[in-house]
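Geometric and topological summary
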Amino acid sequence: MRLAGKVAIVTGGGKGIGRAYSLGLAREGAGVVIADIDEPAARATGDEIAQAGGESLALHTDVASEQSVQQMVARTIERFGRVDVLINNAGLHVDLPSRPLEEVTIDEWDRVLNVNLRSAFLCTKACVPHMRRQGGGSIINISSVSAFIGGSRPHYGASKAGMIGLTRSLARVIGADNIRINAVAPGATASYPDAGGMSGQLIATRALKRPQVPEDLVGAIIFLASEESAFMTGQTMLIDGGQAYN
C-alpha cells in the first residue's frame, strides 16, 4: 500500500493503458479519479475498483477543454480534499489513420496536439496550485517510443516528443514547490483487440521477444507516484522491451 492516503487523477483512465494505471494505483491504496471523455468506461473501471475495496470517482472530462479540466480538478478537491498524483495519459492514437503526410489536415494536426499535448499543460496548470499548498506532488506524463524512433503518424510522434520537452521544462518551473514531474514512454502496447504490440514483425524489433501489455507499465507508474522516486524529476523512462535500444 505504497500510496495509502494519496489521491491520483488519471486522464483517459477508463480503458486501455489508463485503466491498468487506475487499477494499479487503487491496489496500492490511492483514491483514484478516473477522468475520461468516455464516461461509461470510466464508471466501469470505477466499479472494478469499488469491487476490490478501493475508492474512486469517475468523471466525464474533455482534457482539451480548459473549463472541463478545471471542473474535473474542482470535483476532485470537493470529493477527496487533495490531489497528490496526476497522470497525463489521455491521448489520440489507435483511432488515427496512417496516411501520407500531404493528406494530414491542419484540423487533424491541431486536434492531436490539443488532446495529446495541450491537455497535459492544462491539467498540470490546474493541479499545481493544490499540490503547492499541500507541500508537493508527483506528475507523470505519458509519452511514447514514437518520440524516439518516429512512426507513420507525424502529429502523434510530435505530440509525444513534446511531452518529453514539457516534462523537462516544467521540472525546473515547479521543482522549488517539491512537485516532481517525470515521463513514461511505452512501446506499442496490446491494450485493445486491434492494438499494436502483438505482431511478430514488431516483436522482432525488440530486445525482449514478446508482446507488451499494460501491466508492463504499472510498476513504473507506482514507482513515480510514490515516495520511492522522491528525488527524481525531469526524467523519461523508456519502457518498450528494448525496441528503441535496438
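Here's a quick rundown of the structure. Just so you know, these numbers come straight off a predicted model, no measurement behind them.

A short note on the pattern of salt bridges
Scanning the model with the defined rule gives eleven salt bridges in all. Two residues, E28 and R2, come together in a salt bridge whose shortest N-O distance is 3.4 Å. Highlighted residues: E28 in the loop between α1 (16–27) and β2 (31–36) and R2 in the segment before β1 (7–11), separated in sequence by 26 residues. With a shortest N-O distance of 3.1 Å, D177 and R132 are connected by a salt bridge. Taken as a pair, D177 in the loop between α6 (154–174) and β6 (179–186) and R132 in helix α4 (residues 106–134) lie far apart in primary sequence, 45 residues in all.

Thoughts on the environment of S226
Turning to its location among the elements, S226 is positioned in the loop between α8 (215–225) and β7 (236–239). Exposure remark for S226: the relative accessible area of 2% places this residue in the buried category. When the C-alpha atoms of S226 and M1 are compared, they prove to be 10.0 Å apart, with 225 residues separating the residues in sequence. Excluding residues that lie within four positions of it along the chain, S226 makes contacts with R2, L3 and R180. Only 3.1 Å separates the side chain of S226 from the backbone oxygen of F223, close enough to count as a polar contact.

So, a nonpolar patch on the surface
A cluster of nonpolar side chains, namely F148, I149 and L238, defines an oily patch on the protein surface of about 260 Å² accessible area. Along the polypeptide, I149 turns up in helix α5 (residues 146–149). Accessibility expressed as a relative area gives 44% for I149, which makes it partly exposed.

A closer look at the environment of E227
Tracing the chain through its elements places E227 in the loop between α8 and β7. Sequence spacing of E227 and N89 is 138 residues, and the spatial spacing of their C-alpha atoms is 21 Å. If we skip the residues at most four places from it in the chain, E227 touches K6 and R180.

Regarding helix α2 (residues 39–51)
The first and last C-alpha atoms of α2 sit 18 Å apart over 13 residues, in line with the 18 Å expected at 1.5 Å per residue. Along α2, the residues classified as buried are A41, A42, T45, G46 and I49. Seen from one end, α2 has its buried residues packed into an arc of 140 degrees, which puts them on one side. Facing away from the buried surface of α2 by more than 90 degrees, the exposed residues are P40 and Q51. At its buried positions, α2 is contacted by α1, β2 and β3 (56–60). A positive backbone phi angle near 90 degrees is found at G53, which sits one or two residues after α2.

Focus: the packing of α1 against α8
The geometry of α1 relative to α8 is characterised by a closest axis approach of 9 Å and an angle of 55 degrees between their N-to-C directions. Considering their axes alone, α1 and α8 lie oblique with respect to each other. As α1 packs across α8, the resulting crossing turns out to be right-handed. Counting all contacts with α1, which are made through I17, A20, Y21, G24, L25 and R27, the residues of α8 involved are L217, V218, I221, I222 and A225. For the contact of α1 with α8, the per-class residue count stands at nine nonpolar, one polar and one charged.

Here's the deal with the pairing of β2
Among the six residues in β2, six count as buried, and that is most of the element. Covered by surrounding structure in β2 are G31, V33 and A35 together with V32, I34 and D36, the residues of both alternating faces. Inspection of the sheet shows β1 paired to β2 by five bridges, in the parallel sense. Bridge pairing links V7 to G31 in β2. The pairing of β2 with β3 spans five bridges and is classified as parallel. Within β3, the residue paired with D36 across the bridge is H60. Each parallel crossover has a hand, and for β2 linked through α2 to β3 it is right-handed.

How each quantity is defined
Residues numbered from 1 in each chain as written. Predicted model: local features only at pLDDT ≥ 70, side-chain atom pairs only at ≥ 80, totals over all residues. Heavy atoms only, no water. Salt bridge = Lys/Arg side-chain N within 4 Å of Asp/Glu carboxyl O. Helix = DSSP H or I, 4+ residues; strand = E, 2+ residues; numbered from the N terminus. Buried < 20%, exposed > 50% of the residue type's maximum accessible area, 1.4 Å probe, protein only. Contact = heavy atoms within 4.5 Å. Polar contact = N/O pair within 3.5 Å; in protein donor to acceptor, adjacent residues only side chain to side chain. Patch = residues over 30% accessible without salt bridge, like charges linked within 9 Å, V, L, I, M, F, W, Y side chains within 5 Å. Areas by Shrake-Rupley, 256 points an atom, 1.4 Å probe, with all protein chains shown as cover. Expected span 1.5 Å × (residues − 1). Arc of directions from axis to C-beta. Axes fitted to C-alpha atoms, helices over the stretch in contact; angles between N-to-C directions. Parallel < 35°, antiparallel > 145°, perpendicular 65-115°, else oblique. Left-handed = near helix turned anticlockwise from the far one by under 90°. Nonpolar A, V, L, I, M, F, W, Y, C, P; charged D, E, K, R; others polar. Pairing = 2+ DSSP bridges. Right-handed = clockwise from strand over helix to strand, strands pointing away.

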